[in-house]
Amino acid sequence: MTDLRIRAATPDDLDTVLAFWKTAAEGTSISDDRDGVERLVARDPEALILAELDGELVGTVIAGFDGWRCHLYRLAVHPERRRRGIGSALLAAADERFVRLGGRRGDAMVLQRNETAHHAWRAAGYTPQEQWRRWVKHLTD
């Protein structure tokens, strides 16, 4: 995939990313809106990583590092472009970012029902940790 371009998102990309997630991402998040993604990019301009092919957005991943842990969210590849190395390229870029920042281990948020994603994450070297549960509290309505 020699024409694949991996880069950090800019504020100009945000509407395109939100529209892309409606097609390519599994599930929705409380932060899947302009304000949420805008805050992410303003706070950490390198966290939202994009994959483009011939100028078209074909994949995303959020590689967030809080100084303690490395968290991955929103790994999404356009359904017509899957199984071509785009997800692997995005995860490699995320890994490079984490290592550069001093991260030691990455974790990923993956829906239990998303079996397709389970295969992709396992192929990338990730394994589920069944002893952990995610606990959430919504801070807004």
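Residues numbered from 1 in each chain as written. Predicted model: local features only at pLDDT ≥ 70, side-chain atom pairs only at ≥ 80, totals over all residues. Heavy atoms only, no water.

As annotated in an unreviewed UniProt entry, the protein is GCN5 family acetyltransferase from Streptomyces regalis.

A. Looking closely at the overall build of the protein. Helix and strand counts for the protein come out as four helices and five strands. If you list the helices and strands of the protein from N to C, you get β-α-α-β-β-β-α-β-α. Against the compact-globule benchmark of 14 Å for 141 residues, the protein has a radius of gyration of 15 Å, which places it among compact chains. Across the 141 residues in the protein, those meeting the buried criterion constitute 37%. Long-range contacts, defined as pairs at least 24 residues apart, comprise 63% of the intrachain contacts of the protein with a sequence gap of at least 6. When the 21 basic and 22 acidic side-chain charges of the protein are each reduced to a single mean position, those positions are 6 Å apart. (Helix = DSSP H or I, 4+ residues; strand = E, 2+ residues; numbered from the N terminus. Rg over C-alpha atoms; globule rule 2.2 N^0.38 Å. Buried < 20%, exposed > 50% of the residue type's maximum accessible area, 1.4 Å probe, protein only. Contact = heavy atoms within 4.5 Å. Lys, Arg positive; Asp, Glu negative; His and termini not counted. Charge placed at Lys NZ, Arg CZ, Asp CG, Glu CD.)

B. Structural context of the packing of aromatic side chains. Evaluation of the coordinates by the stated rule reveals one aromatic pair. Centre to centre, the rings of Trp-121 and Tyr-126 are 5.0 Å apart; their planes meet at 85 degrees, and the pair counts as edge-to-face. Under the relative-accessibility criterion, Tyr-126 is labelled buried at 17%. One Lys or Arg, Arg-74, reaches over the ring of Trp-21 and ends 5.3 Å from the middle of that ring. (Phe/Tyr/Trp six-rings, centres within 6.5 Å; stacked < 30°, edge-to-face > 60°. Lys NZ or Arg CZ within 6 Å of the ring centre and 35° of its normal.)

C. Representation of the packing of helix 1 (residues 14-24) against helix 2 (residues 34-43) in the model. Two elements in contact, helix 1 and helix 2, have axes separated by 10 Å at closest approach and are oriented at 120 degrees. It follows that helix 1 is oblique to helix 2 by the angle criterion. In this structure, helix 1 crosses over helix 2, and the sense of that crossing is right-handed. Residues Leu-14, Asp-15, Leu-18 and Trp-21 of helix 1 lie in contact with helix 2, whose contacting residues are Arg-34, Val-37, Glu-38 and Val-41. Residues of the contact of helix 1 with helix 2, tallied by class, amount to five nonpolar, no polar and three charged. (Axes fitted to C-alpha atoms, helices over the stretch in contact; angles between N-to-C directions. Parallel < 35°, antiparallel > 145°, perpendicular 65-115°, else oblique. Left-handed = near helix turned anticlockwise from the far one by under 90°. Nonpolar A, V, L, I, M, F, W, Y, C, P; charged D, E, K, R; others polar.)

D. Inspection of the nonpolar core at higher detail. With 20 residues, the main nonpolar core has Ile-49, Val-61, Leu-72, Ile-86, Ala-94 and Phe-98 as its most contacted residues. Among the secondary structure elements, those contributing two or more residues to this core are strand 2 (48-53), strand 3 (56-65), strand 4 (70-77), helix 3 (86-101) and helix 4 (115-123). Here this core takes six residues from helix 3, the largest share from any one element. (Core = buried A, V, L, I, M, F, W, Y, C linked by side-chain atoms within 4.5 Å.)

E. Focus on helix 3. Here helix 3 contains 16 residues, and its C-alpha end-to-end distance of 23 Å stays within 8% of the 22 Å for a straight helix at 1.5 Å per residue. Those residues of helix 3 that sit buried are Ile-86, Gly-87, Leu-90, Leu-91, Ala-93, Ala-94, Arg-97 and Phe-98. For helix 3, the buried positions fall inside an angular range of 155 degrees around the axis, keeping them on one side. Of the exposed residues in helix 3, those oriented more than 90 degrees away from the buried face are Ser-88, Glu-96, Val-99 and Arg-100. The inward-facing, buried residues of helix 3 abut strand 1 (4-8), strand 2, strand 3, strand 4 and helix 4. Among the residues trailing helix 3, Gly-102 stands out with phi positive, at a value near 95 degrees. (Expected span 1.5 Å × (residues − 1). Arc of directions from axis to C-beta.)

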